[in-house]
Amino acid sequence: MTVLIETTGAPWSATMRTTATGDVAIGGVPLAEIARRFGTPTYVIDETDVRLRCRAYKSALPDAEIAYAAKAFLSRAMASWMRAEGMSLDVCSGGELAMARSVGFPAQRIIMHGNAKTPAELQKAVDEGVGRIVVDNIGEINRLAALVPIDRRQKVLVRVTPDIEAGAHPKIRTAGEDQKFGLSIMSGAAGEAVSRVLRQPRLQLVGLHCHLGSQIDSVEPYELAARTLVSELARIRDTHHVVLPELDLGGGHGIAYLPGKEGLSPERFADSVLTAITERAAGLGLPVPRLIVEPGRAIVGTAGTTLYRVVAVKHGGSRTFVAVDGGMSDNPRPALYGARYAVRLAGRVSREGPRSFTIVGHHCETGDMIAEDVQLPADLRPGDLVALAATGAYHHSMASTYNLMGRPPVVAVHNNRARLLVRREVDEDLMRRDVGL
Ligand SMILES: Cc1ncc(COP(=O)(O)O)c(C=O)c1O
Ligand SMILES: N[C@@H](CCCC[NH3+])C(=O)O
């Protein structure tokens, strides 16, 4: 029986505790035990944390539809948890759709995205009966309409770009004029798409969509987007004499990656955005549209912890490098976005004071960094376990097999039990794909 003595707090997952023996446990399972059973590196996912976050959204936005953005992390268990929590699901590929449907996720609660949906993906979405398809370019309107059976109407949202720059890094901003997603309001492309969808008898336009970007921690860009899109709904009413019932403001809600930082809580989002929508709608004499939100990172980010084993400690130049058995193949975010993380020693207690280390990966790239200049006990040594916080979103889902390193497993912890959700990719998996000689 593991005795838990201390709560660790943000940015660590909800059930992380320090144990009486000095290890760290998540879901009541010590990380040393996880390393022993499943090896390292391993993604650990705290099921309680995921479920609590779904419930926090539901309680902050009881009248809204909460569609979890599957791109952050999807497995069969995750899709089942989302179904059980009454969430909807945002998918952006045939693969995500297939995974969701494989566990019977209700098609009506699926929203299909994509800036380059292939004909096969559109066909699959229609055949499966997904609730809404989000139109992202003019060309797909006719293509989609042609796929819908004569006796059906496919619900559609049009994704618009309101020319708002928000998001923690330029590579994750998606609502400005000069990027690939959506249809510009300013240029008239969005208006053109709306007219064309309305002319298609097999498509039913139900609302507008926008997604500003990711890891946004302030409410102002959302308020601005909400007002802009409600004004567009009024313009559509005035031009086409139709009142569209839905307003999808996408995801992007930020989380805390470092101690002392704050994400964008569902409550803060709800307070300001619902007010912005209601006031603008009242001002324009429009019924208040039903809000849809699509949080990904905010549902699963904090629930994830990556467990690595230290392979080498090396003093080089002005820094001390700690090389671990994973790296940019399980976490490309530092290299892509300069992401920073909280790290801690797991599996043993140290009485040494802290010193600065730079945690690097196993790959043949100088930029293969996991965490620069982090404080860990000075006696950190090969064989130690280190845990990296808030790696539930865009880690497993963005992992690669660079240097032919298999992707780590995903292990769920819940109520003192650890269970394998996704198994480790081993050399044989990588060999099996290679069929030519
Ligand atoms: C359309 C859409 N919805 C939702 C999300 C989820 O974003 P996040 O994980 O930042 O909440 C994304 C990804 O940024 C997206 O492209
Ligand atoms: N992959 C990005 C988020 C992109 C969101 C998808 N549009 C990240 O890890 O921060």
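Residues numbered from 1 in each chain as written. Chains lettered and ligands numbered in written order. Predicted model: local features only at pLDDT ≥ 70, side-chain atom pairs only at ≥ 80, totals over all residues. Heavy atoms only, no water.

Going by an unreviewed UniProt entry, the protein chain carries the name Diaminopimelate decarboxylase and comes from Streptosporangium subroseum. What UniProt records for the protein chain under Cofactor (unreviewed entry) is the sentence "pyridoxal 5'-phosphate". Comment text from UniProt for the protein chain, heading Catalytic activity (unreviewed entry), reads "meso-2,6-diaminopimelate + H(+) = L-lysine + CO2". (UniProt positions renumbered as here; feature names shortened; annotations may be inferred.)

Chemist: Run through the site of ligand 2, naming residues and quoting values.
Modeler: Close to ligand 2 lie Lys71, Ile172, Ser214, Arg297, Arg333, Tyr337, Tyr394 and Met398, which account for all nearby residues. Between ligand 2 and Arg297 there is a distance of 2.7 Å, counted from an oxygen atom to a side-chain nitrogen or oxygen. In this structure, Tyr337 approaches ligand 2 through a side-chain N or O atom, which is 2.9 Å from a nitrogen atom. With the chains in place, 84% of the 310 Å² that ligand 2 exposes on its own is no longer accessible. Taken atom by atom, the bulk of ligand 2 overlaps the largest pocket. Here the shell around ligand 2 is composed, by residue class, of four nonpolar, one polar and three charged. (Near = heavy atom within 4 Å. Polar contact = N/O pair within 3.5 Å; in protein donor to acceptor, adjacent residues only side chain to side chain. Areas by Shrake-Rupley, 256 points an atom, 1.4 Å probe, with all protein chains shown as cover. 1 Å grid on protein atoms, 1.4 Å probe; cavity = no way out; pocket = protein on both sides within 12 Å on 5 of 7 lines; lining within 4 Å. Sits in = over half its atoms within 2 Å of the grid points. Nonpolar A, V, L, I, M, F, W, Y, C, P; charged D, E, K, R; others polar.)

Chemist: Provide a residue-level description of the site of ligand 1, including the pertinent values.
Modeler: Near ligand 1 there are 15 residues, and of these His211, Ser214, Gly252, Glu294 and Tyr394 occur at the shortest range. At a separation of 2.7 Å, a nitrogen atom of ligand 1 approaches a polar side-chain atom of Glu294. Note that an oxygen atom of ligand 1 is positioned 2.8 Å from one of the backbone N or O atoms of Arg297. Of the pockets mapped on this structure, ligand 1 occupies the largest pocket. Its residues placed into classes, the shell around ligand 1 shows three nonpolar, seven polar and five charged.

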